[in-house]
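Each chain is listed here by its residues.
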Amino acid sequence: MRWLLYWALVLSLFLNPLRAVEEHETDAVDLFLILNQINQLNQVIETYKKNPEKSAEISLYNTQKNDLIKSLTSKVLNERDKIGIDINQNLKEQEKIKKRLSRSIKGNNFYTFMKDRLSLDILLIDEILYRFIDKIRSSIDIFSEQKDVESISNAFLLRLRQFKLYTFPKNLDNVKMHELERMFSDYELRLNTYTEVLRYIKNHPKEVLPKNLVMEVNMDFVLNKISKILPFTAHSLQVSKIALALMILTLLLGLRKLITWLLAKFLDWIFEIMQRNKKMHVNVQKSIVSPVSVFLALFSCDIALDIFYYPNASPPKVSMWVGAVYIMLLAWLVIALFKGYGEALVTNMATKSTHNFRKEVINLILKVVYFLIFIVALLGVLKQLGFNVSAIIASLGIGGLAVALAVKDVLANFFASVILLLDNSFSQGDWIVCGEVEGTVVEMGLRRTTIRAFDNALLSVPNSELAGKPIRNWSRRKVGRRIKMEIGLTYSSSQSALQLCVKDIKEMLENHPKIANGADSALQNTSDYRYMFKKDIVSIDDFLGYKNNLFVFLDQFADSSINILVYCFSKTVVWEEWLEVKEDVMLKIMGIVEKHHLSFAFPSQSLYVESLPEVSLKERAKI
């Protein structure tokens, strides 16, 4: 039922908006009347300050005054509300008084001069207030910012500060003195009131910035309709506000999934790479659900508060903290989007990449972007909370040395990461050894690099440590993983059999399809012109990681064997394939050894006794 009521009311806003405007125009307000009410409250407050018995009531009048100032501020931009100052009549009165002042000066009539001077100043500050409201209404539009309101307010505050206080001579009679003091009191009170109002507008520019006039008009129309439908008679307007706020809150929370889905579809339309990976699309959509949901919940509560406080603005502190949370939620959403689409970008580039593509560069760029988003969000929150961001940035310049000393390790690791990227010492996925650290590079960050050890432990190594130590990169091999073994044969082997065995093992390795040989060279396997020019400067095979050495020789006379050295490289550098090749080579060597009727030696020791002690016949008989 409530949903039908809500949509009926919304539909009525569009079908009959003129009627709502006509009903609302009868409520036009005279701003000058509100100013006079504020002025009267200031007068009462000043009077009560002199009376200790009435001091307890001052807070009540201050609250009423603040409510009037807020109400006036919210109506400054509303063209339907009259300023209430007849500027043409004001200017005419000024001209008359100026002529009288010139005559008063010539006639040396101080009382008349001061009376006209005060009257002129009152007219002048009324004119300044009129010019201020007129300037706001002519200069501020939907594209204006808070600084525009602040700039206009500052200019007219400076004009009000130019008005001075007066001193009266003591030789005037009591009646004239009393009259001048009364006029001066009115003048001073009005000057202070106008200054207070302009200062409030300067400090709360959001309350002046334009809002949707049709929505304001329709808000009154909707609240009136709801109050007529509700069965409550007392406080019907407040109940209507609560009912409307709850309906809008429920509506926006109910549309959360729809809005999130539409946002994801819109982003997919912009970034076509997401359409190729449905799983990643689902992950990104899940990552933005939380910030969007929290944003919609906060936005709903914010609207509900605006409705509850209507026609006044919500409290400044509430608006300040809500704005700060908006900034944090926006940063959260941007980071979630960057993370999802950044991963999609890296994946897409990796599938199309050549051997020169480096994923860690994109990864580092994404981390730098995350950091910048965090800094911008932090500065935005500080500015929203009232801190002077410019002063904070300037203080960082003054205390730069202290900050540099405090974060020297962080800076050292950051620049080390840049150096590692420039040196291209390793890439993500490489098997490296650096000091006591060995494993596969998982990710290079701004401060440290994560490495997965072969026992599945995750190591976090500061980048400065990696940049300052030798790095052994096992993955920078195109062709050639070393196979080195010692084949021990017995000393009973003949010379000819050993020579034939060595010869057959070498021929077997040279003809083995998975053992690197002279044909496996960088210049023969690459057509990149850059390496052709570099061949006379460096060894291209060593530069790109090609190894094809092959040696088979009798190596040494060991303690219990004659050793044959077998030194070669498999074409593959993959560990599993290398093990298979090594196994095949060992089996073939065993066949060659058996072919030549040779035997593998095993570690053994021979014991030689030079002499035995002499044993008598009797002792032998006992034995």
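These figures come from a predicted structure and were not determined experimentally.

*Asks:* A description of the overall build of the chain should follow, citing residues and the corresponding values.
*Replies:* Scanning the chain from N- to C-terminus turns up 24 helices and eight strands. Within the chain, the fraction of its 623 residues that count as buried is 37%. Taking all contacts inside the chain whose residues are at least 6 apart in sequence as the whole, residues at least 24 apart take part in 71%. Total accessible area on the chain is roughly 38,700 Å²; 59% of this is exposed by carbon and sulfur atoms.

*Asks:* Account for the sheet that holds strand E7 (residues 551–557), with residues named and values stated.
*Replies:* Spatial ordering of the open sheet is given by E6-E8-E7, a layout of three strands whose pairing is antiparallel. Of all the strands in the sheet, the pair left with one neighbour each is strand E6 (481–489) and E7. Neighbour to neighbour, the strand axes of the sheet diverge by 25 degrees on average, direction disregarded. Strand direction decides the pairing type here: E6 and strand E8 (residues 562–570), joined by nine bridges, are antiparallel. Within the sheet, the bridge partner assigned to Ile487 lies in E8 and is Ile564.

*Asks:* Report on the side chain of Asn39, specifying residues and quantitative values.
*Replies:* Assignment of secondary structure puts Asn39 in helix H3 (residues 31–49). Among all residues touching Asn39, those that are not within four sequence positions of it are Leu189, Arg190 and Thr193.

*Asks:* Report on the nonpolar core, specifying residues and quantitative values.
*Replies:* Core analysis: the biggest nonpolar cluster contains 45 residues, and Phe132 and Ile136 have the highest contact counts within it. For this core, the elements supplying multiple residues, two or more each, are H3, helix H4 (58–75), helix H6 (110–139), helix H7 (146–161) and helix H8 (174–203). When sequence neighbours within four positions are dropped, the list of residues in contact with Phe132 reads Ile152, Ser153, Phe156, Leu198 and Ile201.

*Asks:* So what's going on with the packing of aromatic side chains? Residues and values would help.
*Replies:* Per the counting criterion, the structure on display carries nine aromatic pairs. Note on Phe295 and Tyr326: the rings are 5.4 Å apart at their centroids and 55 degrees apart in plane angle, and the pair reads as tilted. Of this pair, Phe295 sits in helix H12 (residues 278–309) while Tyr326 sits in helix H13 (residues 316–352); the two residues are 31 residues apart in sequence, bridging distant segments of the chain. Judged by its relative accessible area of 35%, Phe295 is partly exposed. Judged by centre distance (5.4 Å) and plane angle (85 degrees), the rings of Trp431 and Phe454 are edge-to-face. Of this pair, Trp431 sits in strand E1 (residues 431–434) while Phe454 sits in the loop between strand E3 (448–452) and strand E4 (458–462), and the two are 23 residues apart along the sequence. Judged by its relative accessible area of 53%, Phe454 falls in the exposed class. Connected via pairs of aromatic rings, a cluster forms that spans Trp431, Phe454 and Trp474. The lysine or arginine in question, Arg481, covers the ring of Trp578, its NZ or CZ lying 5.1 Å from the ring centre.

*Asks:* Give me the lowdown on the environment of Tyr200, citing residues and values where you can.
*Replies:* Relative to the helices and strands, Tyr200 is located in helix H8. According to the relative accessible area criterion, Tyr200 is buried, its value standing at 14%. Separated by 130 residues in sequence, Tyr200 and Lys70 place their C-alpha atoms 8.5 Å apart. For Tyr200, the residues in contact, after removing those within four places along its chain, are Ile69, Lys70, Thr73 and Glu207.

*Asks:* I'd like to hear about a negative patch on the surface, residue by residue, with values.
*Replies:* Together, Glu576, Glu577, Glu580 and Glu583 make up a region of like negative charge exposed at the surface. By the secondary structure assignment, Glu577 is in helix H23 (residues 575–595). Residue Glu577 is classed as partly exposed on the basis of its relative accessible area of 40%.

*Asks:* Before we move on, can you summarise the sheet that holds strand E5 (residues 472–473) with the specific residues and values?
*Replies:* Each strand in a sheet pairs with another by means of backbone hydrogen bonds, the pair being arranged parallel or else antiparallel. The five strands lie next to each other as E4-E3-E2-E1-E5, forming an open sheet whose pairing is antiparallel. Two strands in the sheet have a free side with no partner beyond their single neighbour: E4 and E5. Across four bridges, the pairing between strand E2 (residues 437–444) and E3 is antiparallel. Each bridged residue has a counterpart across the sheet, and for Val441 the counterpart in E3 is Ile451.

*Asks:* For the pairing of E3, give the residues involved together with the corresponding values.
*Replies:* Hairpin geometry of E2 and E3 is characterised by an intervening segment of three residues between the two adjacent antiparallel strands. Looking at chain direction, E3 and E4 are connected through five bridges and run antiparallel. Within the sheet, the bridge partner assigned to Arg452 lies in E4 and is Leu458. Where E3 folds back on E4, the antiparallel hairpin that results is connected by five residues, among which Asn456 adopts a positive phi of roughly 75 degrees.

Quick notes on the rules
Residues numbered from 1 in each chain as written. Predicted model: local features only at pLDDT ≥ 70, side-chain atom pairs only at ≥ 80, totals over all residues. Heavy atoms only, no water. Helix = DSSP H or I, 4+ residues; strand = E, 2+ residues; numbered from the N terminus. Buried < 20%, exposed > 50% of the residue type's maximum accessible area, 1.4 Å probe, protein only. Contact = heavy atoms within 4.5 Å. Areas by Shrake-Rupley, 256 points an atom, 1.4 Å probe, with all protein chains shown as cover. Pairing = 2+ DSSP bridges. Axes fitted to C-alpha atoms, helices over the stretch in contact; angles between N-to-C directions. Core = buried A, V, L, I, M, F, W, Y, C linked by side-chain atoms within 4.5 Å. Phe/Tyr/Trp six-rings, centres within 6.5 Å; stacked < 30°, edge-to-face > 60°. Lys NZ or Arg CZ within 6 Å of the ring centre and 35° of its normal. Patch = residues over 30% accessible without salt bridge, like charges linked within 9 Å, V, L, I, M, F, W, Y side chains within 5 Å. Salt bridge = Lys/Arg side-chain N within 4 Å of Asp/Glu carboxyl O. Lys, Arg positive; Asp, Glu negative; His and termini not counted. Charge placed at Lys NZ, Arg CZ, Asp CG, Glu CD.

Everything listed here is a matter of geometry and, on its own, says nothing about what the molecule does.
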